[in-house]
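Listed here are the chains, written in short residue letters.
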Amino acid sequence: MDINATLLGQMITFAVLVWFVKRFLWGPLTQMMQDRQARIADGLAAAERGQHEQELAEKRAKELLHQAKDQAAEIIAQGQKRSNEIIEEAKDQARQEGDRLLAAAQAEIEQEANRAREQMREQVITLAMAGAEKILAREIDQEAHKGILDEVAGQI
Amino acid sequence: MSAEGTPASNPVGYIQHHLQNLCAGNCDPVTHKAAGFWAFNLDTLFFGWVLAGLIMYFSYRLGKSLQSGTPTGFQNVIEAIVDFVNDQIKAVFPGSNPIIGPLAFTIFVWVFLMNAMDLVPVDLLPWVASGIGVDYLKVVPTTDLSTTFALALSVFILIIYYNIKVKGLWGYTKQFLFHPFGKFLIPVNVVMTAIEEVAKPVSLALRLFGNMFAGELLFLLIALLSFGWYVLPVQVALGSLWAIFHILVITLQAFIFMLLTVVFLGMAHADDH
């Protein structure tokens, strides 16, 4: 029960044991645990960052969607406006064309009427001439009065 | 068993025999006790080495196959102990020191294992030893004052070393001269501080020794009950009860030794005492 040289042996054992544990277990293990702690912290931070980024992206997507809707509505409105314009233009054009055709037809009609009147006049003259010829054939010499008759015909 | 006779017929001899170390070197040939300092308790050294060897083996094996991702089984246990030790150190140790962690861990595990030898049935290993011609065997190294003082002395050396390293030789001397009563009572101060310093390792060693020795003694007393078949249930019940309680004691003593080591070394590191 007394203290003896066992003390020295146990002290040496203890010293060696502490050195061994420090070198082969405590050192690597605590280092590894620290690394793991750092890695977990990094992972959590990355996850948080990812979540944040996702939130931002969602917000941005919503914005983009909103913009797209606005644009689409605008385009549709423009299209409607343009189609109305085109319809109006077409109507105008049609009206103008109609007017033009009408005018052309009227002009033609007038022309035709004029020609008919001319023809009629010539025919009246011819008839008159024929009548007059027949009357005059009896009364005057065709040769003698031809000058006068030509003058009259030229005046018509 | 030994020449002292059966436990029932000679209880004192039985207990004394069980508390006798296997001596080598400067030993008394008749009583087999150490006759001077230069004697070795082979059983204490042997079990100390076996348990230290176990720790080294498992430390080496685990240290080589550390898994940083998903630790399993044994590594979990060791990580839990390391975390536990680290928490204690963080709580009471100022600053940082590379040796304090492994030191505390080693004390905790080694002392725990040496204490745990107490849970091996008291007669089993001596009986095996007597079978191979070893007449004396004291199984629990921490019931040997040499072991507890070896640990306490190692800690004491570290305490002095770090006191001088952190405070300087003059700072440490000043602590002896002017603490606790100021500069007018220097002789008293020196005595008081010396007692305070020496009390640290002595209390460490004696506390562990006392607890383990008492526990061992109680196991021996319970073992003495085996003088009749009708006492057997009582003996088993008492032995189990004490063993279960002793699990708490051995863990607690290992923990206290570790914690006080950290505290004392922390005091050595605290500059302003």
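Above this text sits the structure in question.
Every value quoted in this text rests on a predicted model; they were computed, and no experiment measured them.

Asker: Outline the overall build of chain B, supporting the account with residue identities and numerical values.
Answerer: Secondary structure summary: chain B contains eight helices and two strands in total. Each helix and strand of chain B, placed in order from N terminus to C terminus, yields the pattern α-β-β-α-α-α-α-α-α-α. Principal-axis analysis of the C-alpha atoms gives chain B an extent of 65 × 55 × 35 Å. Taking all 273 residues of chain B together, 44% fall into the buried category. Here the analysis covers contacts within chain B between residues at least 6 apart in sequence; of these, 66% occur between residues at least 24 apart. When the accessible surface of chain B is totalled, it reaches about 13,300 Å², and 73% of it is carbon and sulfur.

Asker: Report on the overall build of chain A, specifying residues and quantitative values.
Answerer: Regarding its fold elements, chain A presents two helices and zero strands. Only carbon and sulfur atoms are counted for the fraction: they give 56% of the accessible area of chain A, which is about 12,700 Å². The centroid of the 20 positive side-chain charges in chain A is displaced by 13 Å from the centroid of its 27 negative side-chain charges.

Asker: Give me the lowdown on the interface of chain A and chain B, citing residues and values where you can.
Answerer: Contacts between the two partners involve 29 residues from chain A, matched on the other side by 53 residues from chain B. Regarding the contact of chain A and chain B, the summed buried area is about 3,700 Å², with carbon and sulfur atoms giving 77% of it. At the surface where chain A touches chain B, the tally comes to one salt bridge. Seen at the junction of chain A and chain B, the total is seven residue pairs in polar contact (both at pLDDT 80 or more).

Asker: Pulling in residues and values, what's your account of the pattern of salt bridges?
Answerer: All names here are of chain A. Tallying each qualifying case throughout the model produces nine salt bridges over all chains. Across the pair Arg100 and Glu97 runs a salt bridge, and its minimum N-O distance is 2.8 Å. Taken together, the residues span about one helical turn, with Arg100 and Glu97 both in helix α1 (residues 6–139) at a distance of three residues. Two residues, Arg121 and Glu118, come together in a salt bridge whose shortest N-O distance is 3.5 Å. Here Glu118 and Arg121 lie together in helix α1, a separation of three residues that amounts to about one turn.

Asker: Describe the environment of B:Val155, naming the residues involved and giving the relevant values.
Answerer: Residue and element names in this part refer to chain B. Residue position: Val155 is located in helix α6 (residues 145–178). Sequence spacing of Val155 and Leu265 is 110 residues, and the spatial spacing of their C-alpha atoms is 8.1 Å. Ignoring any residue separated from it by four or fewer positions in sequence, one finds Val155 in contact with Ile107, Leu204, Phe257 and Thr261.

Asker: Any details on the packing of α6(B) against helix α7 (residues 186–223) of chain B? Residues and values, ideally.
Answerer: Residues and elements named next belong to chain B. As a packed pair, α6 and α7 sit with axes 8 Å apart at the nearest point and diverge in direction by 155 degrees. Judged by the inter-axis angle, α6 sits roughly antiparallel to α7. Like other packed secondary-structure pairs, α6 and α7 cross with a definite hand, here right-handed. Of the residues in the contact of α6 with α7, the class split is 20 nonpolar, five polar and two charged.

Asker: Lay out the nonpolar core with the relevant residues and their values.
Answerer: Ranked by size, the top nonpolar core spans 75 residues in total, and within it B:Phe105, B:Ile107, B:Trp110, B:Phe257 and B:Leu265 carry the most contacts. Residue assignment for this core shows that the elements contributing at least two residues are α1 of chain A together with α1 (11–18), α2 (42–64), α3 (73–92), α4 (100–116), α6, α7 and α8 (232–269) of chain B.

Asker: Give a description of the packing of aromatic side chains that names residues and reports values.
Answerer: Each pair of aromatic rings is reported with the distance of its centres and the angle of its planes. In total, this model carries 16 aromatic pairs over all chains according to the counting rule given. Judged by centre distance (5.2 Å) and plane angle (65 degrees), the ring pair of A:Phe24 and B:Tyr60 falls under edge-to-face. Taken together, the positions of A:Phe24 in helix α1 and B:Tyr60 in helix α2 put the pair across two chains. For B:Tyr60, a relative accessible area of 40% gives the class partly exposed. Taken together, the ring pairs connect A:Trp19, A:Phe20, A:Phe24 and B:Tyr60 into an aromatic cluster. The ring of A:Phe24 carries the charged tip of A:Arg23 above its face, separated from the ring centre by 4.5 Å.

Asker: Could you give an account of the environment of A:Trp26, naming the residues involved and the relevant values?
Answerer: If you trace the backbone, A:Trp26 turns up in helix α1. Considering only alpha carbons, one finds A:Trp26 and A:Gln106, 80 residues apart in sequence, at a separation of 116 Å. In this structure A:Trp26 touches A:Val21, A:Gln31, B:Val82, B:Val85, B:Asn86, B:Gly101, B:Pro102 and B:Phe105, once residues within four positions along its chain are discounted.

Parameters and conventions
- Residues numbered from 1 in each chain as written.
- Chains lettered and ligands numbered in written order.
- Predicted model: local features only at pLDDT ≥ 70, side-chain atom pairs only at ≥ 80, totals over all residues.
- Heavy atoms only, no water.
- Helix = DSSP H or I, 4+ residues; strand = E, 2+ residues; numbered from the N terminus.
- Buried < 20%, exposed > 50% of the residue type's maximum accessible area, 1.4 Å probe, protein only.
- Contact = heavy atoms within 4.5 Å.
- Areas by Shrake-Rupley, 256 points an atom, 1.4 Å probe, with all protein chains shown as cover.
- Lys, Arg positive; Asp, Glu negative; His and termini not counted.
- Charge placed at Lys NZ, Arg CZ, Asp CG, Glu CD.
- Buried area = accessible area lost by both parts, 1.4 Å probe.
- Salt bridge = Lys/Arg side-chain N within 4 Å of Asp/Glu carboxyl O.
- Polar contact = N/O pair within 3.5 Å; in protein donor to acceptor, adjacent residues only side chain to side chain.
- Axes fitted to C-alpha atoms, helices over the stretch in contact; angles between N-to-C directions.
- Parallel < 35°, antiparallel > 145°, perpendicular 65-115°, else oblique.
- Left-handed = near helix turned anticlockwise from the far one by under 90°.
- Nonpolar A, V, L, I, M, F, W, Y, C, P; charged D, E, K, R; others polar.
- Core = buried A, V, L, I, M, F, W, Y, C linked by side-chain atoms within 4.5 Å.
- Phe/Tyr/Trp six-rings, centres within 6.5 Å; stacked < 30°, edge-to-face > 60°.
- Lys NZ or Arg CZ within 6 Å of the ring centre and 35° of its normal.

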